[in-house]
Amino acid sequence: MKKIIGMAAAGAMLLALAGCSGGGGSTSGEGEAPATEDLIVGFSQVGAESGWRAANTKDIQAAFEEAGIELKFSDAQQKQENQIKAIRSYIQQGVDVIAFSPVVESGWDTVLKEAKDADIPVVLTDRSVDSADTSLYVSFLGSDFVEEGKKAGEWVTEEFADADAVKIIQLEGTTGSAPAIDRAEGFADVIGSDPKFEVVASQTGDFTRSGGKQVTEALLKSNPDVDLIYAHNDDMGLGAIEAIEAAGLTPGVDIKIVTVDAVKDGMQALADGKINFIVECSPLLGKQLVEIVEKVVAGEEVEPRIVTEETTFTQEQAIEALPDRQY
Ligand code: GZL
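Sequence positions are assigned chain by chain, starting from 1 and proceeding in written order. It should be noted that, the model being predicted, local features are given only for residues of pLDDT at least 70 and side-chain atom pairs only at 80 or more, the latter also being counted only at that level, while totals for whole chains, interfaces and linings use all residues. Side-chain metrics rest on all non-hydrogen atoms present in the structure, leaving aside hydrogens and water.

### Some remarks on the site of the ligand
Consideration 1: Being near a molecule or strand, for a residue, means having at least one of its heavy atoms within 4 Å of it. Close contacts around the ligand come from 13 residues, with Glu 49, Asp 126, Arg 127, Arg 183 and Asp 261 the closest.
Consideration 2: Between the ligand and Glu 49, the relevant distance is 2.6 Å, taken from an oxygen atom to a side-chain nitrogen or oxygen of the residue.
Consideration 3: One of the side-chain nitrogen or oxygen atoms of Arg 183 is found 2.8 Å away from an oxygen atom of the ligand.
Consideration 4: To measure how exposed things are, a 1.4 Å probe is used in the Shrake-Rupley method; for residues, cover is taken only from the protein chains shown. Protein contacts shield 100% of the accessible area of the ligand, which totals 320 Å² for the unbound molecule.
Consideration 5: Working definition: helices are DSSP H or I runs of at least four residues, strands are E runs of at least two. Numbering for both runs from the N terminus. Secondary-structure elements contributing two or more residues to the shell around the ligand are helix H2 (51-67) and helix H6 (178-191).
Consideration 6: Amino acids are sorted into nonpolar (Ala, Val, Leu, Ile, Met, Phe, Trp, Tyr, Cys and Pro), charged (Asp, Glu, Lys and Arg) and polar (every other residue, Gly among them). Within the shell around the ligand, the residues separate by chemical class into five nonpolar, two polar and six charged.
Consideration 7: Segmentation into domains, and thus their bounds, comes from an automatic or database assignment. If you count residues domain by domain, the shell around the ligand takes at least three from each of domain 1 (31-142 + 283-309) and domain 2 (145-281). For this analysis, a polar contact is any N or O atom pair within 3.5 Å, provided that within protein one partner can donate a hydrogen and the other can accept it, and provided that sequence-adjacent residues contribute only side-chain to side-chain pairs.

Written out as structure tokens, the structure is:
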């Protein structure tokens, strides 16, 4: 949206005419959708903690570039206060739409209320918030993380069908984040009913490769006979591989590994037999986010929940999929 600075009278008239398409709307006339080239969207990204995040950022930026819509982008370095600052700045600038991937589920009501009071629609991408007031955002576009956890659990029950006892280390994602909470819930829903499965340790590696390595090194010392590592993302699984090898063991054989994401590095480790199974979580949300933004500013209905489609990969499927993998 381009504000007309210094033409107070004309500005006041135009603002009075502008439809409520956001912080003040563009100069396209009363109630009409602002022209695409006049649209400005503010996006607050979690950070750059993983291969998944890098792919997600790249895809979103490319989609807005392709659509000719200005995207103001901020990287919060995995800090909620930075995301809140960015959202407040977008409100101040009077953008047409705000979109963000909440680093954690809680603590958003106040700033989302400020966006609502400023008549700026908010779209959640990738992760959701636990706000009771769902009028604070117009749509949530992202995966079903509970389902992802269940898929990992289902593979574990099949893989260890003949085992009498299975000791598991769980590498959790960022504490308080929707994927960490839900992937743990889905996994527990499936394996929890069988007492042969024992989660001997569960700790956050913060979705990073270094976090996964450090936590696995420590937990292997106290749990040398563990059978399986369930990592909430590929990056922590890749860190676990380094720790397992440093302990003189063979990842994928002595200790099996199941992860979530299916980014290229994870898929390569799966093809090499160091990871045994990956549940896909697609980062390619850019095109759908552009579609939601265009609908919102045109005053059209948008689905309140849009679940991304995704699959799972065995070693054979990874070998076949790798050459054409987009991320
Ligand atoms: C999931 C996303 C998670 C990925 C991690 O949608 O929020 O955050 O699984 C990323 O790799 O860091």
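### Details of empty space enclosed by the protein
Consideration 1: In this analysis, the protein atoms alone were mapped onto a 1 Å grid. Cavities are point sets where a 1.4 Å probe fits without being able to get out; pockets are open sets with protein on both sides within 12 Å along at least five of seven lines; lining residues have an atom within 4 Å of a point. Grid points are joined across faces, edges and corners, and a volume is the space filled by probe spheres set on the points. By the definition in use, this model includes one cavity of 30 Å³ or more.
Consideration 2: If you add up the space inside the largest cavity, you get close to 100 Å³.
Consideration 3: As for the largest cavity, its lining consists of 13 residues, of which Trp 52, Arg 53, Arg 127, Arg 183 and Asp 261 are closest to the centre.
Consideration 4: Counting only elements with at least two residues in the lining of the largest cavity, the list comes to H2 and H6.
Consideration 5: In the lining of the largest cavity, the residues fall into five nonpolar, two polar and six charged.

### Observations concerning the layout of surface pockets
It is a probe the size of a water molecule, rolled over the atoms, that shows where empty space is left.
Consideration 1: There is about 240 Å³ of room inside the second largest pocket.
Consideration 2: Around the second largest pocket sit 13 residues that line it, and Gly 51, Ala 55, Lys 58, Gln 326 and Tyr 327 are the ones nearest its centre.
Consideration 3: Looking at the lining of the second largest pocket, the element that brings in the most residues is H2, giving four residues.
Consideration 4: Of the residues assigned to the lining of the second largest pocket, the class counts are five nonpolar, two polar and six charged.

### Here we look at the packing of aromatic side chains
Consideration 1: Put simply, two rings from Phe, Tyr or Trp (the six-membered ring, in Trp's case) pair if the centres are within 6.5 Å, and we call them stacked under 30 degrees between planes, edge-to-face over 60, tilted for the rest. Applying the stated criterion to the full structure yields four aromatic pairs.
Consideration 2: Here Phe 43 and Phe 73 contribute two aromatic rings whose centre-to-centre distance is 5.9 Å and whose plane-to-plane angle is 10 degrees, an arrangement assigned as stacked. On the criterion of sequence distance, the pair formed by Phe 43 in strand E1 (residues 40-45) and Phe 73 in strand E2 (residues 70-75) is long-range, its members being 30 residues apart.
Consideration 3: Under the relative-accessibility criterion, Phe 73 is labelled partly exposed at 29%.
Consideration 4: Lying across the ring of Tyr 327, Arg 325 places its NZ or CZ 4.6 Å from the centre. For the exposure calls, accessible area comes from a 1.4 Å probe over protein chains only, and a residue counts as buried if that area is under 20% of its type's maximum, exposed if over 50%, partly exposed in between. Note on geometry: a ring has a charge over it if NZ (lysine) or CZ (arginine) is within 6 Å of the ring centre and within 35 degrees of the ring normal.

### A short note on the domain arrangement of the protein
Consideration 1: Domain assignment breaks the protein into domain 1 (31-142 + 283-309) and domain 2 (145-281).
Consideration 2: Here the C-alpha centroids of domain 1 and domain 2 sit 30 Å apart.
Consideration 3: Every contact between the two is made by twelve residues of domain 1 and, on the other side, 17 residues of domain 2.
Consideration 4: Buried area is calculated as the accessible area (1.4 Å probe) missing from two parts once they are joined, with the contributions of both summed. Across the domain 1/domain 2 interface, buried area totals approximately 1,100 Å², and carbon plus sulfur atoms make up 54% of it.
Consideration 5: Here domain 1 and domain 2 share four residue pairs in polar contact (both at pLDDT 80 or more) between them. In what follows, residue pairs with any heavy atoms lying within 4.5 Å of each other are defined as contacts.

### What about the sheet that holds strand E3 (residues 97-100)?
Consideration 1: Taken together, the six strands give an open sheet; going across it, the order is E2-E1-E3-E4-E5-E11, and neighbouring strands pair in parallel fashion. Strands at the two margins of the open sheet, each flanked by one partner only, are E2 and strand E11 (305-307). For this sheet the average axis-to-axis angle between neighbouring strands, irrespective of direction, equals 15 degrees.
Consideration 2: Pairing between two strands requires that DSSP report at least two bridges joining them. Pairing of strand E4 (residues 122-125) with strand E5 (residues 139-142), which is carried by three bridges, proceeds in the parallel orientation. Across the sheet, the residue bridging to Thr 125 is Leu 141, located in E5.
Consideration 3: Sitting on the sheet, helix H3 (residues 80-93) touches E1, E2 and E3, and the angle it makes with E1 is about 170 degrees. To get an axis, fit a line to the C-alpha atoms, keeping to the stretch in contact for a helix; angles then go from 0 to 180 degrees between the N-to-C directions.

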